[in-house]
2 protein chains.
Amino acid sequence: MAELEKYITNYFGITEQNALKGISSLFKYTKINKGTFLQKQGNHCNTMGFVLSGYQRFFALMDGKEVTQWIAHQGEFTVDLTGFITGSPSRWSIQALTDSELYIIQKSDYDRLDQLVPRWFEFEKLFMVRCFTTMEDRIFSHLSMTAEERYHFFFKHNKELFNRVPLQYIASMLGMSAETFSRIRKKQLG
Amino acid sequence: MAELEKYITNYFGITEQNALKGISSLFKYTKINKGTFLQKQGNHCNTMGFVLSGYQRFFALMDGKEVTQWIAHQGEFTVDLTGFITGSPSRWSIQALTDSELYIIQKSDYDRLDQLVPRWFEFEKLFMVRCFTTMEDRIFSHLSMTAEERYHFFFKHNKELFNRVPLQYIASMLGMSAETFSRIRKKQLG
DNA sequence: GCTTCTTCTTGATATAGATCAAGAAATCAT
DNA sequence: ATGATTTCTTGATCTATATCAAGAAGAAGC
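All values derive from a computational prediction rather than experimental measurement.

In this section: the interface of chain B and chain A. Each side of the interface is counted separately: chain B has 36 residues, and chain A has 36 residues. Taken over both partners, the interface formed by chain B and chain A buries close to 3300 Å², and the fraction arising from carbon and sulfur atoms is 73%. Contact with chain A buries area across many residues of chain B, yet F132, F140 and L143 of chain B alone supply 19% of it, more than any other trio. Run the count over chain B and chain A and you get six salt bridges. The partner of R91 of chain A in a salt bridge is D137 of chain B, and the shortest N-O contact between them spans 2.0 Å. Seen at the junction of chain B and chain A, the total is ten residue pairs in polar contact (both at pLDDT 80 or more). Put simply, the parts of the chain that give the side of chain B that touches chain A at least two residues each are β4 (56–62), β5 (65–72), α3 (81–86), α6 (120–144) and α8 (167–173) of chain B. Residue classes in the side of chain B that touches chain A are distributed as 19 nonpolar, nine polar and eight charged.

In the vicinity of DNA strand D there are 17 residues, among which A147 and T180 of chain A together with L167, R183 and R185 of chain B approach most closely. Counting only the atoms of DNA strand D within 4 Å of the protein, the fraction contributed by sugar and phosphate is 62%. Here a phosphate oxygen of DNA strand D sits 2.6 Å away from a polar atom, N or O, in the main chain of L167 of chain B. Interatomic distance of 3.2 Å between a backbone N/O atom of Q168 of chain B and a phosphate oxygen of DNA strand D. Going through the elements one at a time, α9 (178–189) of chain A together with α8 and α9 (178–189) of chain B are the ones with two or more residues in the surface near DNA strand D. A total of five residues in the surface near DNA strand D trace back to one element, the largest contributor, which is α9 of chain B.

This next bit is on the pairing of strand β3 (residues 47–53) of chain A. Residues and elements named next belong to chain A. The element β3 is largely enclosed, with a buried count of five among its seven residues. Examined bridge by bridge, β3 and strand β8 (residues 100–106) share six bridges and lie antiparallel to one another. Bridge assignment links F50 to a residue of β8, and that residue is Y103. Here β3 pairs with strand β6 (residues 77–78) via two bridges, running antiparallel. Across the sheet, the residue bridging to F50 is F77, located in β6.

With that settled, consider the packing of aromatic side chains. Evaluation of the coordinates by the stated rule reveals 31 aromatic pairs over all chains. Plain terms: the ring middles of W92 of chain A and F140 of chain B are 5.4 Å apart, the flat faces sit at 50° to each other, and that makes the pair tilted. Of this pair, W92 of chain A sits in the loop between α3 (81–86) and β7 (93–96) while F140 of chain B is found in helix α6, placing the two residues in two different chains. The class of W92 of chain A is buried, set by a relative accessible area of 2%. Ring centres of F84 of chain B and Y110 of chain B lie 4.9 Å apart, and the angle between their planes is 75°; this geometry places the pair in the edge-to-face category. Of this pair, F84 of chain B sits in helix α3 while Y110 of chain B is found in helix α4 (residues 107–110), placing the two residues 26 residues apart along the sequence. We classify Y110 of chain B as buried; its relative accessible area is 5%. In textbook terms, an aromatic cluster arises when at least three aromatic residues are bridged by ring pairs, as seen for Y7, F12, F50, F77, F84, Y110, W120 and F127 of chain A.

Attention shifts here to the protein's contact with DNA strand C. Of all residues adjacent to DNA strand C, which total 17 residues, the nearest are L167, R183 and R185 of chain A together with A147 and T180 of chain B. Each atom of DNA strand C within 4 Å of the protein was classed as base or backbone; sugar and phosphate made up 63%. Separating a phosphate oxygen of DNA strand C from a backbone N or O atom of Q168 of chain A is a distance of 3.2 Å. Within the side chain of R185 of chain A, an N or O atom sits 2.4 Å from a phosphate oxygen of DNA strand C. For the surface near DNA strand C, the secondary structure elements donating two or more residues are α8 (167–173) and α9 of chain A together with α7 (147–157) and α9 of chain B. Residue contributions to the surface near DNA strand C peak at five residues, all from α9 of chain A.

Residue and element names in this part refer to chain A. Going through the model one piece at a time under the given rule, you end up with 18 salt bridges over all chains. Here R112 makes a salt bridge to D109, at a shortest N to O gap of 2.8 Å. On the basis of relative accessible area, D109 is assigned to the buried category, the value being 16%. Across the pair E148 and K187 runs a salt bridge whose closest N-O atoms are separated by 3.1 Å. You can see E148 sitting in helix α7 (residues 147–157) and its partner K187 sitting in helix α9, a full 39 residues away along the chain. Taking the relative accessible area as the measure of exposure, E148 reaches 29% and is therefore partly exposed. Using a relative accessible area of 57% as the deciding quantity, one classes K187 as exposed.

A separate point is the state of the cysteines. Per the stated rule, a full pass over the model turns up zero disulfides over all chains. This cysteine, C45 of chain B, is not joined by any disulfide, and C131 of chain B carries the nearest cysteine sulfur, 14 Å off.

All names here are of chain B. Taken together, four strands build an open sheet; the order of strands is β1-β8-β3-β6 and the sheet is antiparallel. Single-partner strands in this sheet number two, and they are β1 (28–32) and β6 (77–78). In this structure, β1 lies alongside strand β8 (residues 100–106), joined through five bridges in antiparallel fashion. Bridge assignment links Y29 to a residue of β8, and that residue is Y103. Across the face of the sheet, helix α1 (residues 2–12) comes into contact with β3 (47–53), β6 and β8 while running at roughly 115° to β3.

The rules behind each value
Counting of residues starts from 1 at the beginning of each chain's written sequence and follows it residue by residue. Whichever chain is written first is A, and whichever ligand is written first is 1; the rest continue in order. For a predicted model such as this one, the threshold for reporting local features is a pLDDT of at least 70, and the threshold for listing and counting side-chain atom pairs is 80 or more; totals across whole chains, interfaces and linings nevertheless cover every residue. Calculated side-chain values reflect all of the structure's heavy atoms, with hydrogen atoms and water omitted. Only heavy atoms enter the contact rule, under which two residues are in contact if any of them lie within 4.5 Å. What gets called buried area is simply the loss in accessible area from a 1.4 Å probe that two parts show on being joined, summed for both. Each reported salt bridge corresponds to a side-chain nitrogen of Lys or Arg within 4 Å of a carboxyl oxygen of Asp or Glu. Identification of polar contacts relies on pairs of N or O atoms within 3.5 Å, with a donor-acceptor requirement for protein atoms, meaning one able to donate a hydrogen and the other able to accept it, and with residues adjacent in sequence counted only if both atoms are side-chain atoms. Note on conventions: DSSP H or I runs of at least 4 residues are helices, E runs of at least 2 residues are strands, and numbering of each starts at the N terminus. For this classification, Asp, Glu, Lys and Arg are treated as charged, while Ala, Val, Leu, Ile, Met, Phe, Trp, Tyr, Cys and Pro are nonpolar and the rest, including Gly, are polar. Here, proximity means that at least one heavy atom of the residue falls within 4 Å of the molecule or strand. A simple rule labels every residue: compare its accessible area, found with a 1.4 Å probe on the protein chains alone, to the largest value its type can have, and call it buried under 20%, exposed over 50%, or partly exposed in between. For two strands to be treated as a pair, DSSP must find at least two bridges joining them. Within 6.5 Å between ring centres, the rings of Phe, Tyr and Trp (the latter by its six-membered ring) count as paired, and their orientation is classed by plane angle as stacked under 30 degrees, edge-to-face over 60, tilted in between. A pair of sulfur atoms, both from cysteines and within 2.5 Å, is called a disulfide here. Fitting a line to C-alpha atoms yields each axis, with helices limited to the stretch in contact; the angle taken between N-to-C directions then spans 0 to 180 degrees.

Here you go:
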């Protein structure tokens, strides 16, 4: 659990020992196999997962095609944040791309955190802002960068991912076809 | 002020009369002329504006070109949310595209809202989630839609904007050149 | 290890959208 | 109103990226 607490400190800015113990006690360690769905599009969002290891893909169907919105990895949360917080149906399916280890919290437990942790909503708010900032950056990358620039920028910050998951999903997440991705990669490799 | 309170209810889900009075008392009515900067990129974010009328463009310089990230209108907030909440330098410049009326709150007053409004952080959190969802939708539109589809989708929901501000900014915000925008528009008009 | 299935690459071709350039239309200032 | 400035349109051309198709490489199952 030490790892979870460390991450909660990093993510939510919470340092009080009691609060950390309280929060982490509500998360359950879970192993899942490659291919397992943590969430199906359109369903209720009942759980939030914190990634210890492995990769999970967020995607939605659009005109019969799967569009990958995000690939979560260690230290991130697997959840359709919108659905989880507001109760709306999940906009994404979430599927493990590799065997994965997660800490999972149930929605009903999550909703009690404010009773357990002083200033919980304040921390949560800061977490949301961070998520918002990430999204804002991604939009800007689509307004101002070419596919090749997006590739390089993403590669610089996520090198390990390129060896671990099918590249077609990274391509989709960056808004380009698998073939374009492959050609940019070839150039890059030499 | 009634209008502001109505919007605060819609945006933040706050309905208690005392809370609404308290919040709206911290906002100051302000008129600004077309061209005025509410925020300059790189500066501190000291104010948050609530739009009563007019249009304000968020943009950043990228390789010497201005990229429009968003155009705010009535009922929205003009602020670099990230900078305003976290204290980081503003990522955007914000400039009035038309004469505008705003309610403006100072950061120092905003930071006292939690003492004034019970459950303020909780409301604020929900506000952040809504902003996050909007961004997530926009990203998905770039991953799954053509320029023409983005045009039509945006037009459907923002018809009035097309008569009020230079179209080149809408084009930039949708991630296409002004010429492409013009051609799509021509097709659409007949 | 061989087979099967999935993923990746590569070439050929098509196309959406960018860029450049010039003129038309609209808006603004005096 | 008139001229100046900004914005929009249009055509010509170019280029980034998509699509299609087929084979190569890699991973997984037996």
